[in-house]
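# Observations on the model geometry
Spelled out from the first residue to the last, the chains are:
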Amino acid sequence: MKAEDLFHLGIVTDDPRAARDELSALLGYEWGPQVGGAVDVTLPDGDRSVDLQCSYSVTEPRIEIVSAVPDTPLWAATSGIHHLGYWSDDVEGDCRHLEKEGFVVEATRALPGGGMFFAFARSRRGVLVELVTRTAESGLSRCWATS
């Protein structure tokens, strides 16, 4: 995990359309489609299915607008940047490294057959990092493709 692996800034909001419209009007952002659905995640209190809906900007630097998920502290609407999203070649290994640095893993999503698709880890100072397996890059890149 390195600085150049940053691929998006995440914002969680109760009104994703308004957030996209505001960033478009103010800064000229253009948006890919809204995508998502039910996702099985592991939270500190156990496994759960959550409805994760998001859209990524086509414009860079890339922004991800995530619809708030009721009854989940992790995906509650915030008044600013919610998380920093990084590609990871080894989500599990990067999580162990972050935990050694004092981060607390707040959510993970498993890959079919083992390993992790993503993980969210929070620092002692409140910075939330999302690690996403780099193997998902080609699939996710369709969310911000311009053609």
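The structure contained in this document is the topic of the report that follows. (Residues numbered from 1 in each chain as written. Predicted model: local features only at pLDDT ≥ 70, side-chain atom pairs only at ≥ 80, totals over all residues. Heavy atoms only, no water.)

### Re the pairing of strand β1 (residues 6-13)
Rules: Relative accessible area decides the class of each residue, using a 1.4 Å probe on protein chains only: under 20% of the type maximum gives buried, over 50% gives exposed, and in between gives partly exposed. To qualify as a helix, a DSSP run of H or I must reach at least 4 residues; to qualify as a strand, a run of E must reach at least 2; elements of each kind are numbered from the N terminus. Pairs of strands are assigned from DSSP output, requiring at least two bridges between the strands.
Among the eight residues that make up β1, six are buried, leaving the element largely enclosed by the rest of the structure. Here β1 runs beside strand β5 (residues 83-88); their pairing, made up of four bridges, is antiparallel. Directly across from L9, in β5, lies its bridge partner L84. Where β1 lies against strand β4 (residues 63-67), five bridges are found, and the strand directions are parallel. Its bridge partner lying in β4, T13 is registered against S67.

### Topic: the environment of E130
To be explicit about the condition: Whether two residues are in contact is decided by their heavy atoms: any pair within 4.5 Å suffices. Any N or O atom pair separated by 3.5 Å or less is treated as a polar contact, with the protein-specific requirement of one donor-capable and one acceptor-capable atom, and with residues adjacent in sequence counted only for side-chain atom pairs.
Relative to the assigned elements, E130 resides in strand β8 (residues 128-133). Residue classification places E130 among the buried positions, given a relative accessible area of 6%. For the pair E130 and E106, spaced 24 residues apart in sequence, the C-alpha separation works out to 9.9 Å. Contact partners of E130, with chain neighbours within four places excluded, come to H8, E64, H83, L84, G85, Y86, F118, A119 and F120. Of note is the side chain of E130, whose polar atom sits 3.1 Å from the side chain of H83.

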